[in-house]
Structures are given as C-alpha cells and as structure tokens.
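Here are the chains, one letter per residue:
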Amino acid sequence: MARKTAKVKTKDNGQEFLDTLRELGREKGIDEEVLFEAIEAALISAYKRNFGSAQNVRVTLSRETGHYHVYAIKTVVEEPEDEITEISLAQARTIKPDYEVGDVLEIEVTPANFGRIAAQTAKQVVVQRIREAERGIIYEEFQSRESDILTGLVQRVENRNVFIDLGKTEAVLTPAEQIPTETYNYGDRIKAYVVEVKKTNKGPQIVVSRTHPGLLKRLFELEVPEIQEGIVEIKSVAREPGNRSKIAVWSRDEAVDPVGSCVGQRGMRVQAIVDELGSEKIDIVKWSEDPAKFIANALSPAKVVSVAVNEEEKVSRVVVPDYQLSLAIGKEGQNARLAAKLTGWKIDIKSETQAKAEQLDDNMNEVEVESDESFTAEGE
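Here the structure is a predicted model, which means the values were calculated and not measured.

Draft legend 1. Region of interest: helix 8 (residues 268-276). Among all positions in helix 8, only V270, Q271, I273 and V274 are buried. Along helix 8, the residues classed as buried sweep out an arc of 160 degrees about the axis, all on the same side. Exposed residues on helix 8 whose side chains face more than 90 degrees from its buried face are M268 and D275. Its buried side turned inward, helix 8 meets helix 5 (213-223), helix 7 (258-263), strand 12 (281-286) and strand 17 (375-377). Backbone geometry just downstream of helix 8 places G278 in the positive-phi region, at approximately 70 degrees.

What follows is the structure, encoded as structure tokens:
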C-alpha cells in the first residue's frame, strides 16, 4: 500500500517579516520606507563586521518578498590594483560581454549563513527606530507646551532634583526652580511651568519651574475667564517665590473691574492660586499707562501722596505718609523691590517729612496721586 505524505505549508519568513514590519510602522507612526532604508544601512555594517570585509557593498531588502541580497560594488579596470574594489576587464566580460573600462558592476556575495545575522540586525534596527520615533513624538508634543503649565505626580527625588511623572515621560524640577519653602514628597500632585524642552540621547528632557513668573501668569489665565476671553489682560508680573508676588492687570472694558475679576467672588479665584503656590502672598494691582499712577498702584498696600518721574531715565521719587513708610518699603525692602520689578522703574521712597527736607530733581515732574483699589491675597 502506497504511503501518502501530507504536505505541510510552511510560512514564508520573508513575507512574515514584511507584514510585521509594516504593522509596526503603522502602529508607531513610522514611514515603512524609513524602516527599510535603516535596515539596509544596518545590514551593510553587519556584513562588514561579521565577514571582515573592507569592500564596498550594497544590501537590498525586497519590498515585495522580504528577501535580502548583498552585492559587492567593483569598478572595471584593465589591470586591478585593488581586488576588493576593482575587477579586470577580462573577468567583467565573462559576466557580461559589453562591459567597458570605467563601468561599475555589482556581484552578489550574500553569505549562506547571513540569515540569522540579518534577522537579528533587522530586529535591533526596528526596536531602535521605534524608540527614536516615540521619543520624537513625545518631544513634539511637549515642545509645543513650552511656557505652559503641566500637572504631574512627584515620582522621586535624587540629588535635590525632583522628577515629576507626566504619564508618557517625566519632567525635572531642579533645585534652582523649586520654591524654597516647599517640600516635595512621593505621590504629591503639583503644577509646574515648562521652561524648556531639550532633545537628548535618552529622549526629551523637560525642565519645569515652580518659581518662574510665568507660572503665576498662567495660573491666573486658567482661573479667570475674563483673561481667557481677552477682556482682562495681565500686563506684568513680579515674584519672590514662596513669599510674595505682584501682578498688574488691565481691562479692555471699562465696565469690567480687572482686579475684582482676578479676585473672584469671596476671593475664591485668587485663593486657589495662593493655595497652589504654598500660601505665597499676591498683590493684585491695576495697571495704568500713566507711569506715576502705575507706580503708586504697584506700591500697594501702601498709600501714596505724590509721585515724581523722570521718564527719560525711568527714575521716580515716591512720597508716602510718615506712618506708611515702612509699609511702602516692606520687610527687607521687599515691597519696593517688587514694585520696581513690576513697573520697570527705579523707585526712591520718601516719607513726607524726608521729602520736605530734600530738593526735587529739576528733571522730575511731581504729581499728586491717589492709588486705585488693589487686593492682597495670602494663605489662611
């Protein structure tokens, strides 16, 4: 009785490889041609490394079958001086009779045992390219969020650097960008301002800050609908992180109070920001195009009698009631310092008694000023 042999259909490894490659490309958003070219380049290196070849070679990876071939590239010459890169005219014509001196030909040199090396190399290339593509996608996503706020969880603290888990990647909060009065513990949820997104060999590095004035500005933009709608505008911000800040606001609509919009009903809007910043005091003042008025407002909560300005040098002298002098200057000069940062003016503060004893600079124009209503928020 004749035996019947069952035919077992074997998988075409080349086609299986192509299907896998294309599926990975679609999943990870990588152009399949980029993968093919990268694998071909890597196979050239693998061939030279494993077979000790110094010859010029080309590797092709078929887009239809997934099979690969290695070709040595040689130039046709009369008498070869370098057999690795040259071939004699006589020998070339045994391959194809119409070859001439100067022609370049390719001779297949695919090693019999190259399959395992090729498969391993292709796998390494694909993994590397996928990793690079994923890093590129993350970089593009976060690079577009520079000068924005991110929320994440404290993952770990190493050498005083705080690493924040953002889901797809992590951000680093360096000691210089940390609020001095804050401590950061594993699992803490915090908001941070994106200072810079850098490309590195290990992927994107996202540098964030808790001290940047932009953090305060963006927090107000998130909390105050009038700012989001463009009715109220933040004109300037000055911060001494963890201690005190000043913010100058202005309204395009005279019917909308910019300070009141930022404060919110029963102070809820600004209080949410104070809580986020660890009870940092925040002075909200009204911006004015009149420098004297703006300087007077910036010195809130102190009341101002008069302001003299030299617009050319951006220098001012402010007179306050005697009993308001220490308040205007602030503890260790903080209030005056923040007001100067907020306005961009040099501010010299004098009491009424001191001002009477001094002669005003001829270049200054002194005007009486009444400060606009302001608001100071502080932690409970």
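Draft legend 2. Structural context of the sheet that holds strand 12. On the basis of which strands lie adjacent, the open sheet formed by 4 strands has the order 10-11-12-17 and mixed pairing. Two strands close off the open sheet at either side, each with one partner strand: strand 10 (232-240) and strand 17. Adjacent strand axes in the sheet meet at a mean angle of 20 degrees when their direction is disregarded. As paired strands, strand 10 and strand 11 (residues 244-251) are joined by 8 bridges and run antiparallel to one another. Residue A238 lies in a different strand from strand 11, and its bridge partner there is K246. The sheet strands contacting helix 11 (residues 334-343) are strand 10, strand 11 and strand 12, and the helix crosses strand 10 at an angle near 135 degrees.

Draft legend 3. Inspection of the side chain of S261 at higher detail. Looking at the element boundaries, S261 is found in helix 7. Non-local contacts of S261, meaning those with residues more than four positions away in its chain, are made with V224, E226, V232, V256 and R269.

Draft legend 4. Geometry of the UniProt feature "domain: S1 motif" (unreviewed entry) in the chain. In the numbering used here, UniProt assigns the "domain: S1 motif" (unreviewed entry) feature to residues 147-211. The distance from the first to the last C-alpha atom of residues 147-211 is 13 Å, and the span holds 0% helix and 58% strand.

Draft legend 5. Quick peek at the packing of helix 9 (residues 291-298) against helix 11. One can describe the packing of helix 9 onto helix 11 by two numbers: an axis separation of 9 Å at closest approach and a directional angle of 140 degrees. In this structure, helix 9 meets helix 11 at a crossing whose hand is right-handed. Contact with helix 9, carried on its side by F294, I295 and A298, involves A339, L342 and T343 of helix 11 and no other residues of that element. Residue composition of the contact of helix 9 with helix 11, grouped by class: 5 nonpolar, 1 polar and no charged.

Draft legend 6. Main features of the nonpolar core. V307, V318, I347 and I349 are the most contacted members of the largest nonpolar core, which totals 25 residues. Counting residues per element, the ones that place at least two in this core are helix 9, strand 13 (306-310), strand 14 (315-320), helix 10 (325-329), helix 11 and strand 15 (346-351). Here this core takes 5 residues from helix 9, the largest share from any one element. Here I347 is in contact with I295, L299, S316, V318, A339 and A340, once residues within four sequence places are set aside.

Draft legend 7. Region of interest: helix 4 (residues 114-143). Counted at 1.5 Å a residue, the expected span for helix 4 with its 30 residues is 44 Å, and the 42 Å between its end C-alpha atoms agrees. Buried within helix 4 are the following residues: F114, I117, A118, T121, A122, V125, V126, I130, A133, I138, Y139 and F142.

Draft legend 8. Geometry of the sheet that holds strand 9 (residues 203-209). The strand order around the closed barrel formed by 5 strands is 5-6-7-9-8, and the pairing between neighbours is mixed. Within the sheet, the average angular offset between the axes of one strand and its neighbour, ignoring direction, is 50 degrees. The pairing of strand 5 (residues 149-158) with strand 8 (residues 189-200) spans 5 bridges and is antiparallel. Bridging from a neighbouring strand, I149 pairs with Y193 of strand 8.

Draft legend 9. Focus on the packing of aromatic side chains. Under the definition given, this model contains 2 aromatic pairs. Between W250 and W287, the aromatic rings sit 6.2 Å apart at their centres with planes inclined by 80 degrees, giving edge-to-face as the arrangement. In this pair, W250 is assigned in strand 11 and W287 in the loop between strand 12 and helix 9, connecting sequence segments 37 residues apart. When its relative accessible area of 22% is taken as the criterion, W287 is described as partly exposed. In textbook terms, an aromatic cluster arises when at least three aromatic residues are bridged by ring pairs, as seen for W250, W287 and F294.

Draft legend 10. Geometry of the pattern of salt bridges. This structure, assessed with the given rule, holds 26 salt bridges. With a closest N to O distance of 3.2 Å, E100 and R93 form a salt bridge. With a relative accessible area of 43%, E100 lands in the partly exposed category. R239 is the salt-bridge partner of E280, the closest N and O atoms lying 2.8 Å from each other. A residue pair is termed long-range when its members are at least 10 positions apart, and E280 in the loop between helix 8 and strand 12 and R239 in strand 10 qualify at 41 residues. For R239, a relative accessible area of 6% gives the class buried.

Conventions we followed
- Residues numbered from 1 in each chain as written.
- Predicted model: local features only at pLDDT ≥ 70, side-chain atom pairs only at ≥ 80, totals over all residues.
- Heavy atoms only, no water.
- Buried < 20%, exposed > 50% of the residue type's maximum accessible area, 1.4 Å probe, protein only.
- Helix = DSSP H or I, 4+ residues; strand = E, 2+ residues; numbered from the N terminus.
- Arc of directions from axis to C-beta.
- Contact = heavy atoms within 4.5 Å.
- Pairing = 2+ DSSP bridges.
- Axes fitted to C-alpha atoms, helices over the stretch in contact; angles between N-to-C directions.
- UniProt positions renumbered as here; feature names shortened; annotations may be inferred.
- Left-handed = near helix turned anticlockwise from the far one by under 90°.
- Nonpolar A, V, L, I, M, F, W, Y, C, P; charged D, E, K, R; others polar.
- Core = buried A, V, L, I, M, F, W, Y, C linked by side-chain atoms within 4.5 Å.
- Expected span 1.5 Å × (residues − 1).
- Phe/Tyr/Trp six-rings, centres within 6.5 Å; stacked < 30°, edge-to-face > 60°.
- Salt bridge = Lys/Arg side-chain N within 4 Å of Asp/Glu carboxyl O.

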